[in-house]
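Here is what each chain is made of, one letter per residue.
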Amino acid sequence: MASFAVTSVLLWLAVSGIAHALTATHTAGKSMLEHSFHVATGREAEHYWTSRGGDMMTRSYVPYEVPSNFSSGPTWTWPNELKEQIRHSPLIDADMNIYITSTTRIRKLSSDGDLLWTFKIDGKFRTCPTLVGDELLALESHSRSGEDSWYPILMSIDIQSGALNWNRSHEEYSVGMEANSLSSYNGTLFFSVTKESYTPTPLFQDLPTAVVAANSSDGNVLWEYELDEAVWNFAPASPGDGTLLFGGTCGSVWRLSFAGELLWRAGPAPPGNDAMCGTSGGALGPNGIFYNAYSRTTIPFVKAEGIISAHRVSDGSLLWEKKMPVRASQYPGVGQLGPDGELFVALPLGDNPFPPLVPEKAEEALVAEVLGPLRNVVYTLDAATGDVLWQSEEEPYNLLTAAGEREQHNPDDGSICLPDSQGIPLIAGDGTVFASSSHTGQLRAMKDKNSDGVIDPSEVSIFETHRCFLNSPSAAPGMLVAAPCWGPVYVFKN
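I will try to describe carefully the structure that is included in this document.

**Structural notes on the packing of aromatic side chains**
- In the structure shown here, the tally under the stated rule is 15 aromatic pairs.
- Plain terms: the ring middles of phenylalanine 70 and phenylalanine 434 are 6.4 Å apart, the flat faces sit at 50° to each other, and that makes the pair tilted. Of this pair, phenylalanine 70 sits in the loop between α1 (4-27) and β1 (76-78) while phenylalanine 434 sits in strand β26 (residues 433-436), and the two are 364 residues apart along the sequence. Comparing phenylalanine 70 with phenylalanine 434 shows no difference in burial state: the two are buried.
- When the ring of tyrosine 185 is compared with that of phenylalanine 190, the centres are 6.0 Å apart and the planes differ by 40°; the resulting orientation is tilted. Each member of the pair, tyrosine 185 as well as phenylalanine 190, carries the same accessibility label: buried.
- Grouping aromatic residues by their ring pairs yields a cluster made of Phe70, Phe434, Phe463, Tyr490 and Phe492.

Laid out in structure tokens, this is it:
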């Protein structure tokens, strides 16, 4: 059995040694509801699931119902025969075709599972692509020769043929290892990079500490904006008015114009320059409020409280803030409790899993004797007040490594996925919340059907994938697509 001293050493190894593990991965006034927003029209709005977080508001909400009873299993499955890593939510176009992005390939499948084309690269797709009209805009992380450093290549892929339209290399920038997003609004691409002045640490060779804007027609850079706080899994939101909103991992919130000008900054000062406090971020509601989930400790993998703040988009003023008993580890979702229901925030909290640094038996001893089991919980909060509506927690997880991480994987995709505690909660039009576990690989559909503020077992449907999720399921009318890190992709259809 592990002693406390041994445990302390192992925890230190986890913090200091994770960089090596990741390197191995790389190389292998008015009421709030009265605010009016411009809704994306035309090419940005015609597809069903366009990017991380679903759409330009990154709130992981769809206004229609999707399958939520998993008792009959999926309609069909893409088997992932090459055992590739699937880091991102699949995208869904206007014709219900599905785009699955692995580390080195993008595949387009029909809604019935027929393979339509495959696009392969030499580098890595660590960044979630985005659907815009007839294009799939993507970012390839390309290795610098002889260095543990990666630079971005922007590209446009024709969604009909799978052919490359254009690409543009930007060797002046470095990109990191997180599962961020390439976002496109009104002809401008946005992505995160490591700022030039960043000093590498043993834990992070590169850290997302700057935002870059590029022309979406050719990939030429328009401007860059440096930050003093990490924006992990960068997925900005836009109300469609020519401005961009995003949250930092330690609580800062920024609103920039599309010209790169700071309109306001809100939230607490970071606890240090280039601070990294977790793996969470923010989402934009249709009520003129930006909701940012964050923590305040810069020590990874320790249990800590989470915080959610609500900022008015117009001026950044803090409307409410709530401290939670579990660490904020993922972006929230924002949706409605049914077509005419109240607006709520689905807040994912939990303990991030570790890389597989010690044998499984040693993990069990660490959990039993010192650390306690890992937790994963979803809270739903009233969007106007922050009051808790209901909460649902997974069974405690008595290991440290996420399910599926110890299996054999495609060598091109690296040895680990290293997910957050869970994917972004997906909210369907009837108020059902879908949670995807990075501990066990459970996909859970939850709804407080009797409105008693309690989620009982009869109000939860569970599908077991036995492989961890890094990102949320995706949705289109009558269709749900779930993609664990290492497993098959599961498609549920009405």
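After presenting the structure, the write-up continues.
**Observations regarding the sheet that holds strand β21 (residues 333-336)**
- The strand order across the open sheet formed by four strands is β21-β22-β23-β24, and the pairing between neighbours is antiparallel. Only two strands of the sheet have a single neighbouring strand rather than two, namely β21 and β24 (388-393). Averaged over neighbouring strand pairs, the angle between their axes works out to 25° when direction is ignored.
- Looking at chain direction, strand β22 (residues 343-350) and strand β23 (residues 376-382) are connected through seven bridges and run antiparallel. Residue pairing across strands places phenylalanine 344 opposite aspartate 382, the latter belonging to β23.

**Digging into a negative patch on the surface**
- The grouping of Glu171, Glu172, Glu196, Glu224 and Glu226 at the surface amounts to a negative patch.
- Considering the arrangement of structural elements, one finds glutamate 226 in strand β13 (residues 221-226).
- Here glutamate 226 falls in the partly exposed class, since its relative accessible area comes to 40%.

**As for the state of the cysteines**
- Counted under the stated rule, the structure contains two disulfides.
- Note that cysteine 250 is cross-linked by a disulfide to cysteine 277, the S-S spacing being 2.0 Å. Disulfide cysteine 250 to cysteine 277: torsion about the S-S bond roughly 95°, handedness right-handed. Separated by 27 residues along the polypeptide, cysteine 250 in the loop between β14 (243-247) and β15 (253-257) and cysteine 277 in the loop between β16 (262-266) and β17 (282-284) bring together distant segments of the chain.

**Points about the sheet that holds β1**
- Pairing is antiparallel across the open sheet formed by four strands, whose spatial order is β1-β31-β30-β29. The two strands at the open ends of the sheet, each matched to only one other strand, are β1 and β29 (474-476). The sheet shows a mean angle of 20° between the axes of neighbouring strands, taken without regard to direction.
- Pairing of β1 with strand β31 (residues 489-493), which is carried by three bridges, proceeds in the antiparallel orientation. Its bridge partner lying in β31, threonine 77 is registered against tyrosine 490.

**Some thoughts on the pattern of salt bridges**
- Scanning all chains against the criterion turns up 15 salt bridges.
- Residue glutamate 363 is joined to arginine 406 by a salt bridge in which the shortest nitrogen-to-oxygen separation is 2.8 Å. In this pair, glutamate 363 sits in helix α2 (residues 360-371) while arginine 406 sits in the loop between β24 and β25 (426-427), placing the two residues 43 residues apart along the sequence.
- Assessed through its relative accessible area of 39%, arginine 406 is described here as partly exposed.
- Between aspartate 430 and lysine 447 there is a salt bridge, with its nearest N and O atoms 4.0 Å apart. Taken together, the residues aspartate 430 in the loop between β25 and β26 and lysine 447 in the loop between β27 (442-446) and β28 (460-464) connect sequence positions 17 residues apart.
- Given the relative accessible area of 15%, aspartate 430 is considered buried.
- The exposure class assigned to lysine 447 is partly exposed, which follows from its relative accessible area of 27%.

Each value, and the rule that gives it
Residues numbered from 1 in each chain as written. Predicted model: local features only at pLDDT ≥ 70, side-chain atom pairs only at ≥ 80, totals over all residues. Heavy atoms only, no water. Phe/Tyr/Trp six-rings, centres within 6.5 Å; stacked < 30°, edge-to-face > 60°. Helix = DSSP H or I, 4+ residues; strand = E, 2+ residues; numbered from the N terminus. Buried < 20%, exposed > 50% of the residue type's maximum accessible area, 1.4 Å probe, protein only. Pairing = 2+ DSSP bridges. Axes fitted to C-alpha atoms, helices over the stretch in contact; angles between N-to-C directions. Patch = residues over 30% accessible without salt bridge, like charges linked within 9 Å, V, L, I, M, F, W, Y side chains within 5 Å. Areas by Shrake-Rupley, 256 points an atom, 1.4 Å probe, with all protein chains shown as cover. Salt bridge = Lys/Arg side-chain N within 4 Å of Asp/Glu carboxyl O. Lys, Arg positive; Asp, Glu negative; His and termini not counted. Charge placed at Lys NZ, Arg CZ, Asp CG, Glu CD. Disulfide = S-S within 2.5 Å.

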